[in-house]
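Next come the chains, spelled out residue by residue.
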Amino acid sequence: MLIRIKFAKKGTMKFIGHLDLIRNFQRVFKKSGFPIAYSEGFNPHQIMSIGAPLSVGVTSDGEYMDVKTTENIDCLTYCDILNRHTPTGLVIISMTELPDKAKSAMALIDAAKYKVTLKHTVITEKMINKLMTMEEIMIHKKNKKNVMREINIKPGIFHMALPEPHTLILLLATGSHMNIKPEVVLQSLCEVNDIPYDKYDYTVHREEIYYKNDQGFMPLNHV
Amino acid sequence: MDKKLQLTDDILLSVEKPARYLGNEINVIHKDTSAMAIRFALCFPDVYEIGMSHVGLAILYDFLNRREDTYCERVFSPWSDLEAIMREKGLPLFALESQDPVKDFDFLGFTVQYEMSYTNILNTLDLAGMAVYSKDRKEEDPIVCAGGPCTYNPEPLADFIDFFYIGEGEATLPVILELYKAHKAQEGTKDDFLVKLLDIDGIYVPKFYDVTYKDNGEIEAFTPNHPHAKPSIKKQVVMNMTDAPYPSKPLVPLIQTVHDRVVLELFRGCSRGCRFCQAGMIYRPVREKDVDVLKKQAKELIQNTGHHEISLISLSSSDYSGLQELTEYLIDEFGNDKHVNLSLPSLRIDQFSLDIMNKVQGVRKSSITFAPEAGSQRLRDVINKGLTEEDILNGAGEAFQGGWTRVKLYFMLGLPTETFDDIDAIAKLGQDIVEEYYKLPKEVRKRRPQIVLSTSFFVPKAFTPFQWSPQNPYETFMEKQDHLNKKVNKKNIKYNCHDAKTSMLEGVIARGDRRIGQVIYAAWKNGATFDAWSEFFRFSHWDDAFNRTGIDPLFYTVRERNYEEILPWDFIDVGVTKAFLYQELQRANEGKVTPNCMDGCMNCGAKGFGGGICYVD
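As the structure is a prediction and not an experimental result, all values here were calculated from the model. (Residues numbered from 1 in each chain as written. Chains lettered and ligands numbered in written order. Predicted model: local features only at pLDDT ≥ 70, side-chain atom pairs only at ≥ 80, totals over all residues. Heavy atoms only, no water.)

Colleague: Would you explain the overall build of chain B in this entry?
Modeller: A tally of helices and strands in chain B yields 20 helices and 19 strands. On C-alpha atoms alone, chain B measures out to a radius of gyration of 25 Å, which is about the 25 Å that the 2.2 N^0.38 rule sets for 617 residues. Along the first, second and third principal axes, the C-alpha atoms of chain B reach 75 × 65 × 55 Å. Taking all 617 residues of chain B together, the buried fraction comes to 59%. Summing over all exposed atoms, chain B offers an accessible surface of approximately 24200 Å²; the carbon and sulfur share of this is 49%. One finds the centroid of the 72 positive side-chain charges in chain B at a distance of 4 Å from the centroid of its 90 negative side-chain charges. (Helix = DSSP H or I, 4+ residues; strand = E, 2+ residues; numbered from the N terminus. Rg over C-alpha atoms; globule rule 2.2 N^0.38 Å. Buried < 20%, exposed > 50% of the residue type's maximum accessible area, 1.4 Å probe, protein only. Areas by Shrake-Rupley, 256 points an atom, 1.4 Å probe, with all protein chains shown as cover. Lys, Arg positive; Asp, Glu negative; His and termini not counted. Charge placed at Lys NZ, Arg CZ, Asp CG, Glu CD.)

Colleague: I'm lost on the overall build of chain A in this one. Help?
Modeller: Per the secondary structure count, chain A includes five helices and eleven strands. The C-alpha atoms of chain A give 19 Å as radius of gyration, which agrees with the globular expectation for 223 residues (17 Å, within 12%). In terms of overall dimensions, chain A has a C-alpha envelope of 55 × 35 × 30 Å along the principal axes. Considering chain A as a whole, with its 223 residues, one finds that 51% of them fall into the buried category. For chain A, the share of sequence-separated contacts (at least 6 apart) that also reach a separation of at least 24 residues comes to 70%. Total accessible area on chain A stands at roughly 11300 Å², and carbon and sulfur atoms take up 52% of it. Looking at chain A, you have 28 positive and 24 negative side-chain charges, and the mean spots of the two groups are 5 Å apart. (Contact = heavy atoms within 4.5 Å.)

Colleague: Just checking my understanding: could you explain the interface of chain A and chain B for this structure?
Modeller: When the parts come together, some accessible area is lost, and that loss is often what is quoted as the size of the interface. Between chain A and chain B, the contact holds 27 residues from the first and 33 residues from the second. Counting every contact that joins chain A to chain B gives one salt bridge. In this structure, the salt-bridge partner of A:K14 is B:D9, at a minimum N-O distance of 2.3 Å. Counting across the chain A and chain B interface gives nine residue pairs in polar contact (both at pLDDT 80 or more). Of the residues in the side of chain A that touches chain B, the class split is nine nonpolar, eleven polar and seven charged. (Salt bridge = Lys/Arg side-chain N within 4 Å of Asp/Glu carboxyl O. Polar contact = N/O pair within 3.5 Å; in protein donor to acceptor, adjacent residues only side chain to side chain. Nonpolar A, V, L, I, M, F, W, Y, C, P; charged D, E, K, R; others polar.)

Colleague: Sorry, what's going on with the sheet that holds strand β18 (residues 493-496) of chain B here?
Modeller: Note: strands within a sheet are paired through backbone hydrogen bonds, in either parallel or antiparallel orientation. Residues and elements named next belong to chain B. As summarised here, the arrangement of the four strands in space is β15-β16-β17-β18, forming an open sheet in which the pairing is parallel. Every other strand in the sheet has two partners, leaving β15 (368-373) and β18 as the edge strands with one partner each. For this sheet, the mean angle separating the axes of adjacent strands, direction not counted, is 20°. Of the pairings in the sheet, the one linking strand β17 (residues 450-457) to β18 comprises four bridges and is parallel in character. (Pairing = 2+ DSSP bridges. Axes fitted to C-alpha atoms, helices over the stretch in contact; angles between N-to-C directions.)

Colleague: Could you clarify how one ought to interpret the sheet that holds strand β2 (residues 70-76) of chain B in this entry?
Modeller: All names here are of chain B. Pairing is mixed across the open sheet formed by six strands, whose spatial order is β2-β1-β3-β4-β5-β6. With partners counted over all chains shown, the strands left at the sheet margins are β2 and β6 (203-204), one partner each. Relative to β6, strand β5 (residues 163-165) is paired through two bridges, and the arrangement is antiparallel. Looking across to β6, one finds that F164 is bridged to Y204. Strand contacts of helix α5 (residues 118-127): β1 (38-44), β3 (107-111) and β4 (143-147), with the helix running at about 160° to β3, the strand carrying the most contacts.

Colleague: In this structure, what is going on with helix α18 (residues 539-549) of chain B? I would like to understand it.
Modeller: Along an α-helix, residues three or four apart share an orientation, since each turn contains 3.6 residues. All names here are of chain B. Among the residues of α18, F539, H541, W542, A545 and F546 are the ones counted as buried. Axial view of α18: buried residues confined to an arc of 160°, hence all on one face. Away from its buried face, by an angle of more than 90 degrees, α18 presents the exposed residues N547 and R548. Of the surrounding elements, those touching the buried residues of α18 are α5, α16 (501-510), α17 (516-525) and α19 (553-557). Looking one or two residues past α18, G550 carries a phi angle of roughly 70°, positive in sign. (Arc of directions from axis to C-beta.)

Colleague: Please clarify how the nonpolar core should be interpreted in this entry.
Modeller: Note on soluble globular proteins: their nonpolar side chains tend to be buried together. If you look at the biggest cluster of nonpolar residues, it comprises 161 residues, and the most contacted ones within it are A:F29, A:F34, A:M95, B:F107, B:F110, B:F163 and B:W542. Ignoring anything within four residues of it in the chain, the contact list for B:W542 reads B:T119, B:L505, B:I509, B:V519, B:I520, B:A523, B:A528, B:D531 and B:F537. Grouped together as the second largest cluster of nonpolar side chains are 62 residues, B:L294, B:F334, B:L387 and B:Y437 included. (Core = buried A, V, L, I, M, F, W, Y, C linked by side-chain atoms within 4.5 Å.)

Colleague: Sorry if this is basic, but what is going on with the pairing of strand β8 (residues 219-224) of chain B here?
Modeller: Across a regular strand the side chains alternate sides, sitting on one face of the sheet and then on the other. Residue and element names in this part refer to chain B. Two elements, strand β7 (residues 209-213) and β8, share five bridges in a ladder whose sense is antiparallel. Counterpart to D210 in the pairing with β8 is T223. Hairpin remark: β7 followed by β8, antiparallel, with five residues in the connecting loop; positive phi at G217, about 95°.

Colleague: I keep staring at the side chain of B:R74 and nothing clicks. Help me out?
Modeller: All names here are of chain B. Summarising the element assignment, R74 is placed in strand β2. Here R74 falls in the buried class, since its relative accessible area comes to 1%. At 2.7 Å, the side chain of R74 and the side chain of E97 are in polar contact.

Colleague: For this particular structure, what's the right way to read the pattern of salt bridges?
Modeller: For side chains of opposite charge, pairing can occur when their charged atoms come near one another. Residue and element names in this part refer to chain B. By the definition in use, this model includes 53 salt bridges over all chains. Measuring nitrogen to oxygen at the nearest pair gives 2.9 Å for the salt bridge that ties R20 to E49. Of the two residues, R20 is situated in the loop between α1 (9-12) and β1 and E49 in helix α2 (residues 48-51); the sequence distance between them amounts to 29 residues. For the pair formed by R20 and E49, the shared burial category is buried. Across the pair K135 and D136 runs a salt bridge, and its minimum N-O distance is 3.5 Å. Looking at D136, the relative accessible area reads 43%, which means it is partly exposed. It is possible to trace a salt-bridge network through shared partners that takes in E168, E170, E265, R268 and R287.

Colleague: Just to check I follow, could you spell out the packing of α16(B) against α18(B) for this structure?
Modeller: Angle between the axes and distance between the axes: these two values describe a pair of packed helices. All names here are of chain B. Running from N to C, α16 and α18 cross one another at 40°; their axes reach a closest spacing of 11 Å. Accordingly, the angle class assigned to the pair α16 and α18 is oblique. Handedness of the α16/α18 crossing: left-handed. From α16, K501, M504, L505, V508 and I509 reach across to α18, where they touch F539, W542 and F546. Taken together, the residues of the contact of α16 with α18 sort by class into seven nonpolar, no polar and one charged. (Parallel < 35°, antiparallel > 145°, perpendicular 65-115°, else oblique. Left-handed = near helix turned anticlockwise from the far one by under 90°.)

Laid out in structure tokens, this is it:
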């Protein structure tokens, strides 16, 4: 049985990096007696994959992981069981059964929604307009070969809003073909508007991860 | 859900591995600090990932927290990035669980596992905002204590530590804590408490003893200066290991540590009597745990941690009487569909252990390790390493037949009576093992064998037969290493070299007296911390410290001691007698081997503890 697990990473769990997060889940599955399937071969490992790795320091209410089980299980019951074994700050929100041939979370993801909370920096609608009306938003980024390249992040910023004076909502391209991080957008916003950028002046929270279909952006557990 | 943290987010996000400093692990113990009679800060003076892999710390943490009146929390050395921030911002060193400053605790207890952690101990005191020297600390500061194998010679740390605990914590800590509770209720001074400690066995309070020295630098007298101070401090041990408390819900770090696994302690002590080995002498007698208890503990531990590996630990796991029963049980219970690996360090390589290793699922046939310690049979007899060349070659041959191609061998350079012939024998043994591989039929030799020879430098330790022996000077160590390097045929053999500077310092500290405290202090003042880490170690910090204090390191290392000389640790009674150790030294010089305790009692003195292997027929 294929299952998509939605989970939150909160509080001090934000200091745990991606590989350690995976190790923690491996222990949670083992401890809880969750019937997770193992790969064949000489060095079997649990069959699980996380959709989009979250940066250290970022909290989230919308993380996804696909797992395979050896038997059919009741998702609701196991949601409770797993939560009894997770470290503080790691919460299983829901578990959804996937059709047998479902695309993996990793292959599916198109976008993510972030809430950026600023402590002191003041952002205005005008500033956002100034950025979003630019034809191109160029940034410098190192590629996998560690070579600096200029890329245009404009097509990756799907939506930007300022519901409250210190809260910025961003819907950004996420996944394998384009991956825009909120701090890059914030940096560009500050740069364009000539205000100082301070990487310790804000916190980032990922609210949801989406795939795109005819109806628009769909949360990943919308199967 | 957001727990109180000592460090702000911007600090945590600017340092490497912030999870080291959070105290939010699985199975972490949280108590109401206001309701605690005793707050104990237990410190492993090295970085988190090292300290968290130490089973002794886990045992004490569990043991102390079983008490309702006591809250034991952990303290580790902050990594250099955080230390710089703490010093810049004036942030105090804190304990992980409550995140409260160490200064607010009743006790600060160090577990002292290796000599190169001593400057970190001083640094811990300083970061906590306390004076480094005991005499300069304030009445409201925590009482500073220390235990662990290195403290069997407590003298180099005597000026920094209020009291030492000689032996296993489970034995007498409860007595100390009860005494402290009563003392706290009476609102006595720290000194009053230290005086009361003099009546307890196993406790050494350095300030109540004076040392005088002869003109030649040897100790003239070591004398108590308080009527209650005992002339001899007796090691405290747990005799009933089966019923001794053992953590069933150990902490599970959220980040990777050196050892991420469940640990089963099979027994304490060692019956082999290798003459260089301090652990083999100070942990006598051998005390086994019942195999049924170990089975039950294994099950509970896997259940409560979710770990994927069980490791059997003891000084020489092959000697455990229930080993076959235990490993068979573990393989049946956890192997195959349960996906738990079994790791078996310090096994003798024989058919039995190879069979087990073959059965254990998930074991990559990576390498087989031998620790012959010396290359020639003559020198192996001198050190009483009960391992023959035949054992090694047969073991390697069987391993090759079983599909292993990598063999690792550990040796020491600079053992007493060593000659260049003995060093040549190391290279020859490596070559003989290579040839053992080429004895296999051609069709089963899939790849080239890889033999890895590693040498460390011999450091004579207190409470071993070699406690009187000279250590090689630095130049000799390096000369021997170069010699061996040239002798090793590099075709199938890799040789791992080291620098001998830390071995020399270990040699000074391991047999140091009280005067060595000044050197440690001066080295720390020069900036020495994390000396066990090659990226931090600067010999110049120590070299300068010897110069400034006028202390000659060679007095402690290359000098041969007489039997009559008062050794700095003579007042500690580990059970094994000085006479036995000296007799072992003489047998070493004659190349005579001494049997394993299982095969015959040599009356080392450990029988005085009234139990364990000494009383098994």
